[in-house]
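Take a look at the letters that make up each chain.
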Amino acid sequence: MRHLILILSILSSVASFAQWRVGLTVGPDFNQYSVDNQYQYDWSYSTRIGLMAGVTAQYAFSDWLAVRAEADYIHKNHRQHRSSPIGANSYYYRNDYVQVPLMASFSFGGERLRGFTNAGIYAGYWFHSSVSGSQAMSGVAYQIDQHVDFNKERDNRFCFGYVGGIGMEYRFSPKIVGQVEARCYYDVTSQVSQYQNVKDHRYNTTLGIHLTAFYIIP
């Protein structure tokens, strides 16, 4: 009987606190493109800045535990560069994804100013790619700016990975909360499918600074 009373009291406290938040999030991101370039050792790859924006919803079970889901538009960009005696080739790739993270959120601190951490998984879909830059041919540099067509045998357009972040939130009013968060998305799926017996693994790791405005639903 005592156990039943304890369970009911816990459920009652959770139900009394249960709280929904909905909001918008936006911010810059920095994508690192990791390549096993054993077949293209003369190429170098570097980080490029991009943008992330999305909608988010959070359900709090208590003042320290919540579950959070988002639907995001995110860039996973990179630069590809090679120098040669006939000139340099520099390609700036823009890769657009839609991505859905699902995270547990743990918070701590006071009523107005609190810290928090997020951790979970995400899935995404690569829906657009373009490239700009310069290409050297016979000692002449040509400017390029074009759409990149997907190759269904080569390109893996679905991604999956782990996500984690840490941040601070400030409650401006009983219904409005602002957050700033440093977040990392770590892909565990290669952007390139393994075809023709060629091991060409390519992974994205994306760091972002996210600004979120939440509205608390009474």
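Please read these numbers as outputs of a predicted model, since none were measured by experiment.

Student: What is the right way to read the environment of Tyr 125 from this model?
Tutor: Structurally, the position occupied by Tyr 125 is in strand S6 (residues 113–137). Overall, the relative accessible area of 29% leaves Tyr 125 in the partly exposed class. For the pair Tyr 125 and Asp 96, spaced 29 residues apart in sequence, the C-alpha to C-alpha distance is 8.5 Å. When near neighbours in sequence (up to four residues on either side) are disregarded, Tyr 125 contacts Asp 96, Tyr 97, Val 98, Arg 157 and Phe 158.

Student: What is the right way to look at the pattern of salt bridges in this model?
Tutor: When the charged atoms of two side chains lie near each other, side chains of opposite charge can form a pair. Under the definition given, this model contains seven salt bridges. Between Arg 183 and Glu 70 there is a salt bridge, and its shortest N-O distance comes to 3.0 Å. With Arg 183 in strand S9 (residues 176–187) and Glu 70 in strand S3 (residues 65–75), the pair connects residues that are 113 residues apart, well separated along the chain. Assessed through its relative accessible area of 2%, Arg 183 is described here as buried. The closest approach of N and O atoms between Arg 183 and Glu 181, which form a salt bridge, is 2.8 Å. Judged by relative accessible area, which is 2%, Glu 181 ranks as buried. Overlapping salt bridges bring together Arg 68, Glu 70, Glu 181 and Arg 183 as one network.

Student: Where do I start with the pairing of S6 in this structure?
Tutor: A regular strand carries its side chains on alternate faces of the sheet. Strand direction decides the pairing type here: S6 and strand S8 (residues 158–171), joined by 13 bridges, are antiparallel. Across the sheet, Phe 116 pairs through a bridge with Gly 167, a residue of S8. With eight bridges connecting them, S6 and strand S7 (residues 140–147) associate as antiparallel partners. Across the sheet, Ser 132 pairs through a bridge with Asp 145, a residue of S7.

Student: Which parts of the structure should I look at to understand the packing of aromatic side chains?
Tutor: One pair of aromatic rings is described through two measures. These are the centre distance and the angle between the planes. Per the stated rule, a full pass over the model turns up twelve aromatic pairs. Each ring, one from Tyr 125 and one from Phe 158, has its centre 5.0 Å from the other, and the planes form 55°; the classification is tilted. Note that Tyr 125 is positioned in strand S6 and Phe 158 in strand S8, a separation of 33 residues in sequence. With a relative accessible area of 57%, Phe 158 lands in the exposed category. Pairwise contacts between aromatic rings join Trp 20, Tyr 59 and Phe 61 into one cluster. One Lys or Arg, Arg 21, reaches over the ring of Phe 214 and ends 5.4 Å from the middle of that ring. If you follow Lys 76 out to its NZ or CZ, it ends over the ring of Tyr 97, 4.7 Å from the centre.

Student: Would you explain the nonpolar core in this entry?
Tutor: It is characteristic of soluble globular proteins that their nonpolar side chains tend to be buried jointly. Core analysis: the largest hydrophobic core is formed by nine residues, namely Met 52, Ile 74, Tyr 97, Met 103, Tyr 122, Trp 126, Cys 159, Val 163 and Tyr 185. When residues of this core are traced back to their parent elements, those giving at least two are strand S5 (87–109), S6 and S8. Grouped together as the second largest cluster of nonpolar side chains are eight residues, Tyr 33, Trp 43, Val 131 and Val 148 included.

Student: Before we go on, may I ask you to explain the confidence of the model for the chain in this structure?
Tutor: Low-pLDDT stretches of the model should not have their predicted coordinates read in fine detail. For the chain, the average pLDDT comes to 88, and 85% of its residues sit at 70 or higher. In the model, residues 3–16 has pLDDT below 50 throughout and makes one contact with residues more than four positions away in sequence or in other chains.

Criteria and cut-off values
- Residues numbered from 1 in each chain as written.
- Predicted model: local features only at pLDDT ≥ 70, side-chain atom pairs only at ≥ 80, totals over all residues.
- Heavy atoms only, no water.
- Helix = DSSP H or I, 4+ residues; strand = E, 2+ residues; numbered from the N terminus.
- Buried < 20%, exposed > 50% of the residue type's maximum accessible area, 1.4 Å probe, protein only.
- Contact = heavy atoms within 4.5 Å.
- Salt bridge = Lys/Arg side-chain N within 4 Å of Asp/Glu carboxyl O.
- Pairing = 2+ DSSP bridges.
- Phe/Tyr/Trp six-rings, centres within 6.5 Å; stacked < 30°, edge-to-face > 60°.
- Lys NZ or Arg CZ within 6 Å of the ring centre and 35° of its normal.
- Core = buried A, V, L, I, M, F, W, Y, C linked by side-chain atoms within 4.5 Å.
- pLDDT = per-residue confidence, 0-100.

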